[in-house]
Amino acid sequence: METGEPRRFIENSQTEIFIRSMAVSYNRIYAFILTMVGNYSDADDLMQEVSAVMWRKFDQFDPETSFYAWGMTIANFEILRFRKKHSRAKVQFNDALYEKALESIFVGDDRADVRVEALQDCRRKLSEKDQKLLKLRYEKDKRPEQIAKATDRSRRSIFRDLSRVHNLLHQCVNRKLMDLGIESLACDISNSSKEVQAQVHGLAVLVAEMLDGSIDPQKFELLQNQLLAEPQQLAYYIEHISLCANLKKYQTINQPVNPSEGNQEHIFCEVVEADLAARTEIELAKQAQPEKEKITYQRSSLSPWTIYRVFGAIAAMIIIALLLTAIQQFGSQVRYREPRKPVVASLSQQIGALWMGDDQFNPGDPMRAGQFELVEGLANIEFRDGAQVVIQAPAQIELITDSEIYLHSGKLVAYVPESAIGFVVRTDNSKIVDLGTEFGVSAINNSDTIVNVFQGEVALSPRDKESNVSYPILKLQAGQGRKVDMAHKVTNVSVDELAFVRGREFNCRYKASQGSDYHRWLAYSYDVRRDPDLVVYYPFDIESEESDILLNVASSTVGRLNGQLAQGKARPDWVQGRWPEKSALKFNRREKQFVTVPADQDFCIADNVTIAAWVKCPDANKFGQIVSNRLDGQVNYQLSVYDPALPEANRMQFLRYDDLFENRIVSSNKLNPSNRWVFLCITHDNNTVNFYVDGHLFETRQYEFETAPVLAELNIGAATVQGHDFSHQMFNGIMDEILIYKRVLTGQDIKAIYEASKP
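Computed from a prediction, not measured in an experiment: that's the story for all the values here.

Focus on the packing of helix α15 (residues 503–513) against helix α16 (residues 517–529)
Okay, so step 1: In contact at an axis separation of 8 Å, α15 and α16 are set at 135 degrees when each is read in the N-to-C sense. One way to sum up the angle between α15 and α16 is to call them oblique. Crossing hand, α15 versus α16: left-handed. Residues R504, E505, C508, R509, K511 and A512 of α15 lie in contact with α16, whose contacting residues are Y518, H519, R520, L522, A523, Y526 and D527.

Concerning helix α7 (residues 128–139)
Okay, so step 1: Those residues of α7 that sit buried are D130, L133, L134, R137 and Y138. Along the axis of α7, the buried residues cluster in a sector spanning 105 degrees; they form a single face. In α7, the exposed positions angled more than 90 degrees off the buried face are occupied by E128, K129 and K132.
Okay, so step 2: D141 sits one or two residues past α7 and shows a positive phi near 55 degrees.

As for the pattern of salt bridges
Okay, so step 1: Throughout the structure, instances matching the rule amount to 27 salt bridges.
Okay, so step 2: Between R164 and D161 there is a salt bridge, with the nearest N and O atoms lying 3.8 Å from each other. In this pair, R164 and D161 both sit in helix α9 (residues 155–179), 3 residues apart, roughly one turn of the helix.
Okay, so step 3: Looking at R164, the relative accessible area reads 29%, which means it is partly exposed.
Okay, so step 4: Taking the relative accessible area as the measure of exposure, D161 reaches 14% and is therefore buried.
Okay, so step 5: Two residues, D548 and R571, come together in a salt bridge whose shortest N-O distance is 2.7 Å. Residue D548 is found in the loop between β14 (534–538) and β15 (549–550), and its partner R571 is found in the loop between β16 (563–565) and β17 (573–576); the two are separated by 23 residues along the sequence.
Okay, so step 6: Among the residues examined, R571 registers a relative accessible area of 19% and is labelled buried.
Okay, so step 7: One connected set of salt bridges, linked through shared partners, spans E99, E404, R426 and K431.

Some thoughts on the pairing of strand β8 (residues 438–443)
Okay, so step 1: Where burial is concerned, most of β8 is hidden: 6 out of the 6 residues are buried.
Okay, so step 2: The alternating pattern of β8 places E438, G440 and S442 and F439, V441 and A443 on opposite faces, both of which are buried.
Okay, so step 3: Note: β8 against strand β9 (residues 449–455), 6 bridges, orientation antiparallel. Residue pairing across strands places A443 opposite T449, the latter belonging to β9.
Okay, so step 4: The antiparallel hairpin formed by β8 and β9 contains 5 residues in its connecting segment, where N446 sits at a positive phi of about 55 degrees.

Details of unusual backbone geometry
Okay, so step 1: Here the bond from A393 into P394 is cis, since omega is -5 degrees, no more than 30 degrees from zero.
Okay, so step 2: When you line up the elements, P394 lands in strand β4 (residues 388–401).
Okay, so step 3: Of note in this structure, N686 is not a glycine but carries a positive phi near 75 degrees.
Okay, so step 4: Turning to its location among the elements, N686 is positioned in the loop between β25 (678–684) and β26 (688–693).
Okay, so step 5: In the Ramachandran plot, D694 falls in the positive-phi region, its phi being about 55 degrees despite a non-glycine side chain.
Okay, so step 6: Summarising the element assignment, D694 is placed in the loop between β26 and β27 (696–702).

Some thoughts on the state of the cysteines
Okay, so step 1: Inspection of every chain in the model, using the stated rule, returns 1 disulfide.
Okay, so step 2: Here C122 is linked by a disulfide to C172, with a sulfur-sulfur distance of 2.0 Å. When the S-S torsion is -85 degrees, as for the bridge of C122 with C172, the disulfide is left-handed. Of the two residues, C122 sits in helix α6 (residues 112–124) while C172 sits in helix α9, which places them 50 residues apart along the sequence.
Okay, so step 3: You can call C122 buried: its relative accessible area is 3%.

Remarks on the pairing of β27
Okay, so step 1: Here β26 runs beside β27; their pairing, made up of 6 bridges, is antiparallel. For T688, the partnering residue across the bridge sits in β27 and is Q702.
Okay, so step 2: The antiparallel hairpin formed by β26 and β27 contains 2 residues in its connecting segment, where D694 sits at a positive phi of about 55 degrees.

Conventions and cut-offs
Residues numbered from 1 in each chain as written. Predicted model: local features only at pLDDT ≥ 70, side-chain atom pairs only at ≥ 80, totals over all residues. Heavy atoms only, no water. Axes fitted to C-alpha atoms, helices over the stretch in contact; angles between N-to-C directions. Helix = DSSP H or I, 4+ residues; strand = E, 2+ residues; numbered from the N terminus. Parallel < 35°, antiparallel > 145°, perpendicular 65-115°, else oblique. Left-handed = near helix turned anticlockwise from the far one by under 90°. Contact = heavy atoms within 4.5 Å. Buried < 20%, exposed > 50% of the residue type's maximum accessible area, 1.4 Å probe, protein only. Arc of directions from axis to C-beta. Salt bridge = Lys/Arg side-chain N within 4 Å of Asp/Glu carboxyl O. Pairing = 2+ DSSP bridges. Disulfide = S-S within 2.5 Å.

So this is what it looks like as structure tokens:
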């Protein structure tokens with residue numbers, strides 16, 4: 001066979017298409033790999049592996065799409081494998097910086113050909129000394145310490161000179177691109193202050209040491225922090241690496257190819273051609289010779305290293321063929337098993353959880369990468385990097401890696417310790433990168449994404465699901481919220497902590513499921529406080545018993561309508577509540593103790609109302625005024641229990657009246673509290689009053705009343721009327737919980753509250 005025959009065959013084959021496409025995209029893919037691993041040696045090895053994978057999978061490539069984009073996808077996958085394999089390496093970018101660099105590279109310009117031309121022109125303008133330095137570093141592939149030894153200089157001075165030359169070329173290339181109307185990722189520093197130029201030069205020195213593989217961990221950490229904190233320095237780094245990659249390419253394409261020196265591109269093309277030529281010769285020889293006749297082949301003129309690689313590839317093909325034959329022959333015994341996906345997390349705890357299909361878990365079970373659907377309940381997933389995520393059903397999630405989750409729909413709250421900073425939550429239209437935080441994310445398939453930051457900071461980046469295009473990154477801090485719609489429009493939203501199941505709530509629900517009475521109440525109280533008709537809710541459950549504030553936790557008014565404990569002797573005392581873990585307030589009538597909430601429009605309820613309270617009176621003959629919202633003679637509502645000093649002893653009282661006449665109603669039946677916790681509740685719809693005790697209907701009375709409400713403060717434990725002294729009717733006992741609704745609760749609702757919160 002003539003030696004030109006295989007070449008003609010190649011020129012009409014897929015191989016030629018691959019080689020031509022690879023020649024165009026090779027250096028850009030290499031630059032990407034070098035940017036992400038930051039080391040020439042590792043980048044060279046990875047580029048060789050990526051090239052081999054691309055060749056093996058070329059039959060899967062769609063010629064209607066971008067060869068470069070396809071290659072970049074394969075390269076990114078191989079880099080991730082490399083990072084996982086070397087996860088304990090001290091000199092490797094953390095996930096946060098990797099993601100930032102990845103985004104910057106994919107949103108950068110793709111005028112690689114123009115950059116190479118500009119670089120060639122700029123290089124020719126360098127001094128002879130600088131050109132010699134580049135020739136030694138890139139053409140001769142000499143390491144800085146080798147150059148230092150050959151030129152009798154220090155290694156540090158070589159790094160400084162290389163950094164200086166790189167900066168000169170970088171600025172020259174950027175100016176040429178700007179003249180052509182092409183915007184650079186990094187800004188031009190030629191006119192910047194000496195301080196900025198010195199900073200960039202120092203960065204270039206660190207990058208040069210990193211690329212050479214000689215940077216120490218402390219310097220690498222400094223470099224990484226600079227790139228992570230300063231977007232312009234990261235942009236400079238990416239362009240700087242591209243420059244270094246192009247310098248290697250420039251030296252290669254301007255020098256004769258010598259396979260013995262290990263040129264990767266040449267060897268790759270040579271191997272592909274030789275492999276195909278060998279298979280072509282075999283096929284033609286088979287057609288020309290009898291089946292059992294011995295066949296001889298023309299010896300190749302390739303280098304020994306190339307021949308070794310060719311026969312290695314052929315041997316691998318033979319092994320694969322034998323395996324396929326065995327599978328076909330013993331198909332009933334040998335079955336293909338899809339490789340198991342890696343374990344990326346574990347199920348820490350779950351409450352009433354029901355997973356879709358066969359995906360049922362027990363606490364402690366490992367969770368592999370993949371998609372899952374939580375139909376009911378709550379699940380706490382702990383990722384291997386240390387981040388914890390509470391999933392709230394119904395939710396569809398996808399575990400991507402040990403530091404990334406995709407929320408297709410539903411709600412989650414992420415808790416990220418310092419060791420796991422950079423944890424990523426993706427949705428259909430957004431990417432949220434943790435910067436050391438606690439944050440909530442709500443998502444609906446093909447709809448809005450809502451992000452609430454509770455602690456710390458996150459980086460929010462709207463992104464296109466299909467094209468993976470990113471939009472400007474927004475940094476959100478504690479107390480900030482944003483909504484991203486499917487058009488990638490970002491709007492401010494208020495942070496709603498009760499819209500998500502956060503850590504304290506998850507923990508209390510878990511303890512409730514284990515039988516704790518206190519946590520049974522606390523878990524139910526989270527449901528209660530989310531009711532949109534709940535005006536105020538004082539659970540009397542505080543972190544510090546020294547507090548002078550009675551906190552309101554109703555979702556509609558949280559953050560305001562807090563009660564202020566009176567000062568001095570009039571201040572009620574914090575004591576133990578219905579359980580040892582809970583607090584309550586003890587009121588002493590003799591000291592005229594009470595709590596006041598400033599007047600607010602939300603208290604102005606003129607029609608449907610429900611008032612409930614947990615109370616305990618050590619002296620069963622003394623109750624008094626529990627809740628009062630009135631301005632002197634005009635009363636929106638007031639709940640009291642008369643003490644024996646009055647004719648209506650131990651009877652529940654509810655009153656509403658205006659400035660024209662008094663209108664009150666008192667229960668006919670008497671209470672028998674016997675020094676125990678009692679749950680009192682009344683409802684009024686302007687026609688009927690229902691009195692409830694311990695979740696049961698105590699009495700129903702007709703009570704018609706209708707008037708315009710008055711703006712008045714809310715008093716707890718007292719009722720104040722100008723010109724009158726009602727101190728003898730102030731509350732005397734312990735209060736543990738107060739709820740006021742702007743609707744009439746049903747008997748079933750009231751019983752449910754009692755059953756969930758009874759001691």
